[in-house]
Protein chains: 2
Amino acid sequence: MIVAMIPIVSIVGMSNSGKTTLVEKLVAELTRRGFRVATIKHNRHGFEIDHEGKDSWRHKQAGAVATVLASPGRIALIEDAAKDYDLIEIRDLYIRNVDIILAEGYKKNPHPKIEVFRAELMRERLCGPGENLIALAGDRPVSSEALWFDWNDAAGLSDLIVERFLSKKG
Amino acid sequence: MIVAMIPIVSIVGMSNSGKTTLVEKLVAELTRRGFRVATIKHNRHGFEIDHEGKDSWRHKQAGAVATVLASPGRIALIEDAAKDYDLIEIRDLYIRNVDIILAEGYKKNPHPKIEVFRAELMRERLCGPGENLIALAGDRPVSSEALWFDWNDAAGLSDLIVERFLSKKG
């Protein structure tokens, strides 16, 4: 299946390091270049998505294991999950027809990673050697086995992503 | 595919007739009987699902064509839709591992229907002959080619649904 070939790049980093901001910049830059981007956001403590009192919320509260909200331009699916799916499972179950997936919130995973690292916070790095780190993005250069980028350099990071994972399309 | 066999029953009716309330009751009753129920809610004017400022909202705003929110017990997918999918397309693209689908908000569709009809509102019926109406649910009995149920009679309506669509499992 073509679906199984969608590359996954994971944006990792300590809490409040700026992961979501970097994901936003990369999504915008890759989209501007014509790629279709999906994102996966993991939250081990659950998430808020539905509004109390809305019809979909009422369906789900009544016991529906899955609820789809459909409209002419947008679809949403909310469903129970039997487990905490890994990125491959989520890709294969939920994502199709995109060029690349950017994942946020999975600290440990085998996929290529960009670590957001703010040197000013004086904390430890998250990724050690052998964890498939392809780049560090941060506020000031640090020595590393991986390439370093300023975290505002969405163009440079996107060049790297395109070269590594999207070059046949780029 | 097994997925293609999930039966769809549509709950129809004029606006504010009480469709969502009936869906809630049927979901609860069928779930109590051990069935796995999915719901599809259609809104041709779009829907609110995400919260401004939340990470998933930021991903989507940045241009992601699809965003998955994952947690150990629950998954949500929000994605762009190329068109206004019909119920069969939604079933085949988004729903699996359930026994039955209850749909709300699709006035015209070829699937078996339960019409919610409040006689006290003095309005027209929605479903005419030949529209696959299996039951009317309302505030007082009306003559009809279909079976009539009090709209609080979730047990009776569920008996009908089970008999017609879930009898091999019921």
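Keep in mind the model is a prediction, meaning the values are calculated, not measured.

> Any chance you could break down the overall build of chain A for me, citing the residues and the numbers?
On a plain count of helices and strands, chain A comes out with four helices and eight strands. Along chain A, from the amino end to the carboxyl end, the secondary structure elements read β-α-β-α-β-β-α-β-β-β-β-α. Dimensions of chain A, computed from C-alpha atoms along their principal axes, come out at roughly 55 × 40 × 25 Å. Across chain A, every contact between residues at least 6 apart in sequence was considered, and the portion connecting residues at least 24 apart equals 54%. Of the roughly 7,900 Å² of accessible surface on chain A, 51% is carried by carbon and sulfur atoms. Charge separation in chain A, taken as the distance between the mean sites of 24 positive and 24 negative side-chain charges, equals 1 Å.

> Help me get a handle on the interface of chain A and chain B, residues and values and all.
Frequently, the measure chosen for interface size is the accessible area removed from exposure when the parts meet. At the interface, 57 residues of chain A touch 57 residues of chain B. Summed over both sides, the interface of chain A with chain B buries roughly 5,600 Å², with 56% coming from carbon and sulfur. Among the residues chain A hides against chain B, the three largest losses belong to F47, R74 and I75 of chain A. Together they make up 13% of the total. At the junction of chain A and chain B, the tally comes to six salt bridges. Here K41 of chain B makes a salt bridge to D55 of chain A, at a shortest N to O gap of 2.6 Å. Between chain A and chain B we count 33 residue pairs in polar contact (both at pLDDT 80 or more) in total. For the side of chain A that touches chain B, the secondary-structure elements that each account for two or more residues are α1 (19–32), β2 (37–42), α2 (55–62), β3 (66–70), β4 (74–80) and α3 (87–94) of chain A. Within the side of chain A that touches chain B, the residues separate by chemical class into 28 nonpolar, 13 polar and 16 charged. Alignment of β3 of chain A against strand β2 (residues 37–42) of chain B, held across five bridges, turns out to be parallel. Looking across to β2 of chain B, one finds that V68 of chain A is bridged to I40 of chain B.

> Please provide a residue-by-residue account of the relation of the copies chain A and chain B, values included.
For the pair chain A and chain B, the best superposition has an RMSD of 0.0 Å and corresponds to a rotation of 180° with a translation of 0.0 Å parallel to the axis. What the rotation and shift describe, once combined, is the action of a two-fold rotation axis. The C-alpha atom lying nearest the rotation axis in chain A is that of L77 of chain A; the distance is 2.6 Å. Both copies contact each other with a shared surface, as 100% of the interface residues of chain A are interface residues in chain B too.

> Explain the packing of aromatic side chains to me, and be specific about the residues and the numbers.
Overall, the coordinates contain zero aromatic pairs over all chains when judged by the stated rule. The ring of Y94 of chain B is capped by R96 of chain A, whose NZ or CZ atom sits 5.1 Å from the centre of that ring.

> Pulling in residues and values, what's your account of unusual backbone geometry?
Located in the positive-phi region is N97 of chain A, a residue other than glycine, with phi close to 65°. Tracing the backbone through its elements, the reader meets N97 of chain A in the loop between α3 and β5 (100–104).

> Tell me about the domain arrangement of chain A, and please be specific about residues and values.
Partitioning chain A into domains gives domain 1 (8–44 + 84–166) and domain 2 (46–80). Computed over C-alpha atoms only, the centres of domain 1 of chain A and domain 2 of chain A are separated by 28 Å.

> Which residues make up helix α1 (residues 19–32) of chain B, and what values go with them?
Residues and elements named next belong to chain B. For α1, spanning 14 residues, the distance from its first C-alpha to its last is 20 Å, which sits close to the expected 20 Å at 1.5 Å a residue. Looking at α1, one finds that the buried residues are K19, T20, L22, V23, L26, V27, E29 and L30. Of the residues one or two after α1, G34 is the one with positive phi, at around 100°.

> Can you lay out the side chain of S10 of chain A for me, pointing to particular residues and giving the numbers?
All names here are of chain A. Here S10 lies in strand β1 (residues 8–12). Separated by 3.0 Å, the side chains of S10 and N109 make a polar contact. Aside from chain neighbours lying at most four places away, what touches S10 is A103, Y106, N109, P112, K113 and I114.

> So what about the packing of α1 of chain B against helix α4 (residues 154–165) of chain B? Which residues, and what values?
Axis angle and axis distance: for two packed helices, these are the angle between their axes and the distance between the axes, and together they describe the pair. All names here are of chain B. Two numbers describe how α1 lies on α4: the axes approach to 9 Å, and their chain directions differ by 65°. It follows that α1 is roughly perpendicular to α4 by the angle criterion. Two packed elements cross with a definite hand, and for α1 against α4 that hand is right-handed. Listed contacts from α4 to L22, K25, L26, E29 and L30 of α1 are A154, A155, L157, S158, I161 and V162. Of the residues in the contact of α1 with α4, the class split is eight nonpolar, one polar and two charged.

Conventions used here
- Residues numbered from 1 in each chain as written.
- Chains lettered and ligands numbered in written order.
- Predicted model: local features only at pLDDT ≥ 70, side-chain atom pairs only at ≥ 80, totals over all residues.
- Heavy atoms only, no water.
- Helix = DSSP H or I, 4+ residues; strand = E, 2+ residues; numbered from the N terminus.
- Contact = heavy atoms within 4.5 Å.
- Areas by Shrake-Rupley, 256 points an atom, 1.4 Å probe, with all protein chains shown as cover.
- Lys, Arg positive; Asp, Glu negative; His and termini not counted.
- Charge placed at Lys NZ, Arg CZ, Asp CG, Glu CD.
- Buried area = accessible area lost by both parts, 1.4 Å probe.
- Salt bridge = Lys/Arg side-chain N within 4 Å of Asp/Glu carboxyl O.
- Polar contact = N/O pair within 3.5 Å; in protein donor to acceptor, adjacent residues only side chain to side chain.
- Nonpolar A, V, L, I, M, F, W, Y, C, P; charged D, E, K, R; others polar.
- Pairing = 2+ DSSP bridges.
- Least-squares fit on C-alpha atoms with pLDDT ≥ 70 in both.
- Phe/Tyr/Trp six-rings, centres within 6.5 Å; stacked < 30°, edge-to-face > 60°.
- Lys NZ or Arg CZ within 6 Å of the ring centre and 35° of its normal.
- Domains from an automatic or database assignment.
- Expected span 1.5 Å × (residues − 1).
- Buried < 20%, exposed > 50% of the residue type's maximum accessible area, 1.4 Å probe, protein only.
- Axes fitted to C-alpha atoms, helices over the stretch in contact; angles between N-to-C directions.
- Parallel < 35°, antiparallel > 145°, perpendicular 65-115°, else oblique.
- Left-handed = near helix turned anticlockwise from the far one by under 90°.

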